[in-house]
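Working through the structure, step by step
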Amino acid sequence: MKNTLANKITSCLSILLVMVYLCELMSSFEGIKKIFLEISLVALLVTIFVIINLLLSILLLTKKIKVKRVLIIFQILIIIVTIWALYEIYSFEEIIIDSQIVS
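Being a predicted model, the structure only gives us computed values, none of them experimental.

So, about the nonpolar core. Counting 15 residues, the largest nonpolar core has Y21, V46, V50 and L86 as the members making the most contacts within it. Ranked by the residues each element gives to this core, the list is headed by helix α1 (residues 4–29), at six residues. Setting aside residues no more than four positions away along its own chain, V46 makes contact with Y21, V81 and A85.

In structure tokens form, the structure reads like this:
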């Protein structure tokens, strides 16, 4: 592919989103042990795809695999899913004000 800048930006954005997603996932479940006991199937599938995207991004940035259009499209789709998952995490956080839960 000729546009390597777009590939690098996509890969770097993927890595950044994966780090934010995994940090939020860890803080939501308060540790790794609770994640495996209480995670839903959808969240587990999203997490697996996000980790695959992380590995793919690292391999693309280190030039271990060649850039293909299908890989970039896959990365963009996973970026969209990751942003959706982060939106869901942040939109359902509850705020406690004067012993009342405000959503």
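Still more to cover.
Within the secondary structure, N53 is located in helix α3 (residues 41–61). Side chain to side chain, N53 and S14 meet in a polar contact 3.3 Å long. With near-sequence residues (within four places) excluded, N53 lies in contact with S14, Q75, I78 and I79.

On to the packing of aromatic side chains. Inspection of every chain in the model, using the stated rule, returns one aromatic pair. Aromatic side chains F49 and F74 sit 6.5 Å apart centroid to centroid with 65° between the ring planes, which places their arrangement in the edge-to-face category. Of the two residues, F49 sits in helix α3 while F74 sits in helix α4 (residues 69–91), which places them 25 residues apart along the sequence.

So, about α3. Over its 21 residues, α3 extends 30 Å from the first C-alpha to the last, a length consistent with the 30 Å expected when each residue adds 1.5 Å. For α3, the complete set of buried residues consists of V46, T47, V50, N53, L54, L56, S57 and L60. Those residues of α3 that are buried lie in contact with α1 and α4. K63 sits one or two residues past α3 and shows a positive phi near 60°.

On to the layout of surface pockets, then. When its volume is computed, the largest pocket comes out at roughly 230 Å³. In terms of lining, the largest pocket is formed by 13 residues, of which the most central are Y21, L25, F29, A43 and I89. Among the elements of the structure, α1, α3 and α4 are those that each provide at least two residues to the lining of the largest pocket. For the lining of the largest pocket, the residue count by class is ten nonpolar, two polar and one charged.

What counts, and where the lines are drawn
- Residues numbered from 1 in each chain as written.
- Predicted model: local features only at pLDDT ≥ 70, side-chain atom pairs only at ≥ 80, totals over all residues.
- Heavy atoms only, no water.
- Core = buried A, V, L, I, M, F, W, Y, C linked by side-chain atoms within 4.5 Å.
- Buried < 20%, exposed > 50% of the residue type's maximum accessible area, 1.4 Å probe, protein only.
- Helix = DSSP H or I, 4+ residues; strand = E, 2+ residues; numbered from the N terminus.
- Contact = heavy atoms within 4.5 Å.
- Polar contact = N/O pair within 3.5 Å; in protein donor to acceptor, adjacent residues only side chain to side chain.
- Phe/Tyr/Trp six-rings, centres within 6.5 Å; stacked < 30°, edge-to-face > 60°.
- Expected span 1.5 Å × (residues − 1).
- 1 Å grid on protein atoms, 1.4 Å probe; cavity = no way out; pocket = protein on both sides within 12 Å on 5 of 7 lines; lining within 4 Å.
- Points joined across faces, edges and corners; volume = space filled by probe spheres on them.
- Nonpolar A, V, L, I, M, F, W, Y, C, P; charged D, E, K, R; others polar.

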